[in-house]
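Geometric and topological summary
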Amino acid sequence: MKRSSHASCASCPFREPERICRAENGKAPKEGCSTVLYPELNAKACAEMENDAELMRFAKEASLQEAACYGVSPYDPSKRQPLKPRIMETIEFAQRMGYHRLGLAFCLALWSEAKALAEILESHGFEVVSVCCKVGRVDKSFMGLTDEEKIFPGMEPMCNPITQALILNEEKCDLNLMLGLCVGHDSLFLKYIEGPVTVVAVKDRLLGHAPLNALYSFYYKFLKK
Ligand code: SF4
């Protein structure tokens, strides 16, 4: 079906409680409302869940875990406030699913974070299979990069997300965690990994691996063209 506009939820003009995706008689913008544009895909997604008990269980446990990450506010009992950092959310979700063996694909630059994370996960009884991005020591010249195109001239191992994924597939991990993979390398990892994946952190070399910081500060207005 040809559509007059594309999905544009990010520029929805209505307040959250008034929206059609939130309230039964809610409002939808004239153009770009994903709920209005794609009801058949929503039906397809729900059918996928209904026809696959394990998929439904996964989705249900994720939503139960989402709710378990909030508690009653000590300041206002009518409100909910967040209780848990993402690492604890990940641990509890894996426990709910009955997972035991966790894969950890990490970037060399976050070696100490990977070590600390693996220790925390192991302290909760998980078995951790970890693979660094430089696995295999394949020089960047393999992809046709010259010395001038490398960060440093000479032998420089490429990030190797496909091998990371293939090893974790071979190791039969229940859930795979991504820690600090670069833009593009993360895409390749996701293309080749089998089974469920969740992200612990993404790479942001400048902003302490918290890219959203660029959206919170006036100093990063140069990002907008
Ligand atoms: S689905 Fe429609 S109403 Fe909901 S956020 Fe997107 S554009 Fe707004």
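For the structure itself, look to the data block above.
Residues numbered from 1 in each chain as written. Predicted model: local features only at pLDDT ≥ 70, side-chain atom pairs only at ≥ 80, totals over all residues.

Where helix α6 (residues 161-170) meets helix α7 (residues 185-192), the axes come as close as 8 Å, and the angle between the chain directions of the two elements is 30 degrees. The orientation of α6 relative to α7 falls into the category roughly parallel. Judged by the twist between their axes, the crossing of α6 over α7 is right-handed. Here Pro 161, Ile 162, Gln 164, Ala 165 and Leu 166 of α6 lie close against α7, whose contacting residues are His 185, Leu 188, Phe 189 and Tyr 192. (Axes fitted to C-alpha atoms, helices over the stretch in contact; angles between N-to-C directions. Helix = DSSP H or I, 4+ residues; strand = E, 2+ residues; numbered from the N terminus. Parallel < 35°, antiparallel > 145°, perpendicular 65-115°, else oblique. Left-handed = near helix turned anticlockwise from the far one by under 90°. Contact = placed C-beta atoms within 7 Å.)

Now for the sheet that holds strand β5 (residues 175-179). Read across the open sheet, the four strands follow the order β4-β3-β5-β6; overall the sheet is parallel. What marks the edges here is a single partner per strand, and that holds for β4 (127-132) and β6 (197-201). Averaged over all neighbouring strand pairs, the angle between strand axes comes to 25 degrees, with direction disregarded. As paired strands, strand β3 (residues 101-106) and β4 are joined by six bridges and run parallel to one another. Bridged to Leu 102 within β4 is Val 128. The strands touched by helix α4 (residues 86-96) within the sheet are β3, β5 and β6, with β6 carrying the most contacts at an inclination of about 155 degrees. Relative to the sheet, α6 contacts β3, β4 and β5, its axis offset from that of β4 by approximately 155 degrees. (Pairing = 2+ DSSP bridges.)

This part covers the site of the ligand. Near the ligand, the surroundings consist of Cys 9, Cys 12, Phe 14, Arg 19, Ile 20, Cys 21, Ala 28, Pro 29, Gly 32, Cys 33, Ser 34 and Thr 35. When its residues are assigned to classes, the shell around the ligand shows eight nonpolar, three polar and one charged. (Near = placed C-beta within 6 Å. Nonpolar A, V, L, I, M, F, W, Y, C, P; charged D, E, K, R; others polar.)

Below, the discussion takes up α6. Taken as a whole, α6 has its buried residues at Pro 161, Thr 163, Gln 164, Ala 165 and Leu 168. Looking at the buried side of α6, the elements it contacts are β3, β4, β5 and α7. Looking one or two residues beyond α6, the residue adopting positive phi is Lys 172, at roughly 50 degrees. (Buried ≥ 20, exposed ≤ 12 C-beta atoms within 10 Å, placed from the backbone.)

As a further point, take the nonpolar core. One finds Leu 102, Leu 104, Ala 105, Phe 106 and Leu 179 to be the most contacted residues of the largest nonpolar core, which totals 26 residues. Ranked by residue count, the leading element in this core is β3, at four residues. For Leu 104, the contacting residues outside a window of four places in its chain are Ala 114, Leu 117, Ala 118, Val 128, Val 129, Ser 130, Leu 177 and Leu 179. (Core = buried A, V, L, I, M, F, W, Y, C linked by C-beta atoms within 7 Å.)

Across its 16 residues, helix α3 (residues 53-68) extends 22 Å between first and last C-alpha, which sits within 8% of the 22 Å expected from 1.5 Å per residue. Of all 16 residues making up α3, only zero are buried, and the element is barely covered by its neighbours. (Expected span 1.5 Å × (residues − 1).)

All right, on to unusual backbone geometry then. Positive phi values are uncommon outside glycine, yet Arg 137 reaches one of about 45 degrees. Relative to the helices and strands, Arg 137 resides in the loop between β4 and α6. The phi angle at Lys 172 is positive, at roughly 50 degrees, despite the residue not being glycine. Along the chain, Lys 172 turns up in the loop between α6 and β5.

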